[in-house]
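# A closer look at the structure
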Amino acid sequence: MSTSTATESLQLRSLLKEGGELELSLVSTAVPAPAADEVVIRVEASPINPSDLGLLFAGADMSTARQSGSPANPVVTTEIPEGWMKAMAARVGISMPVGNEGAGLVVAAGSSSEAQALLGKTVAAAGGAMYSQYRCVKIGQCLVPLGHGTSATPALRLSRMT
């Protein structure tokens, strides 16, 4: 059922702290074994949409950005203007995964025939939390299997458009 041995994945998170700081960090998350109607995607590309920017930066003043952490676990911290804090009150203290959609190779599949049919295929998916190395999603969140031999990454290169 699976060609993946990945059990952990790095995921980009956005955390708004009560003191008015926004923290962007890479967090290690478990890669679950897919249920019957799920697949695990090795994410190879994920766009940055306006809706991603809102969740990612939450109105942060990027001129205050500072880096800390380590090369393996970097952290970027910024200040949130006071006016934005009221609008963002509901997400204070919640580490939120970022990235609405992405594309990549299905490396593990659940037992259903629909999930198994996607194993080894490159798919686009709208599953949230797609700024991750691996993402387990329901097969209904896979928008389309991309054509045979299609890679998720070359589609983003401008040189391919000429």
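Data block above holds the structure.
Residues numbered from 1 in each chain as written. Predicted model: local features only at pLDDT ≥ 70, side-chain atom pairs only at ≥ 80, totals over all residues. Heavy atoms only, no water.

Once that is clear, we can look at the side chain of S14. Among the structural elements, S14 can be located in strand β1 (residues 8-16). One polar contact links the side chain of S14 to the main-chain carbonyl oxygen of L56, over a distance of 3.0 Å. At 2.7 Å, the side chain of S14 and the side chain of R91 are in polar contact. Filtering out sequence-adjacent residues up to four positions away, S14 remains in contact with L22, E23, L24, L55, L56, R91, I94, S95, M96 and V98. (Helix = DSSP H or I, 4+ residues; strand = E, 2+ residues; numbered from the N terminus. Polar contact = N/O pair within 3.5 Å; in protein donor to acceptor, adjacent residues only side chain to side chain. Contact = heavy atoms within 4.5 Å.)

Of the two faces of strand β8 (residues 122-125), both are covered, the one formed by T122 and A124 as well as the one formed by V123 and A125. Pairing of strand β7 (residues 102-109) with β8, which is carried by 4 bridges, proceeds in the antiparallel orientation. By the bridge assignment, L105 is partnered in β8 with T122. Looking at chain direction, β8 and strand β10 (residues 142-145) are connected through 3 bridges and run antiparallel. Note that in β10 the partner of V123 across the bridge is P145. (Buried < 20%, exposed > 50% of the residue type's maximum accessible area, 1.4 Å probe, protein only. Pairing = 2+ DSSP bridges.)

With that settled, the discussion passes to the sheet that holds strand β5 (residues 74-79). If you trace the 5 strands from one edge of the open sheet to the other, you get β4-β5-β2-β1-β6, paired in antiparallel fashion. The two strands at the open ends of the sheet, each matched to only one other strand, are β4 (61-69) and β6 (95-97). Strand after strand, the sheet turns through a mean of 35° between neighbouring axes, direction not considered. For strand β2 (residues 21-30) and β5, the ladder comprises 5 bridges, and the chain directions are antiparallel. Paired with S25 across the strands is V75, a residue of β5. Helix α1 (residues 50-57) contacts β1, β2, β4 and β6 of the sheet and is inclined by roughly 105° relative to β2. (Axes fitted to C-alpha atoms, helices over the stretch in contact; angles between N-to-C directions.)

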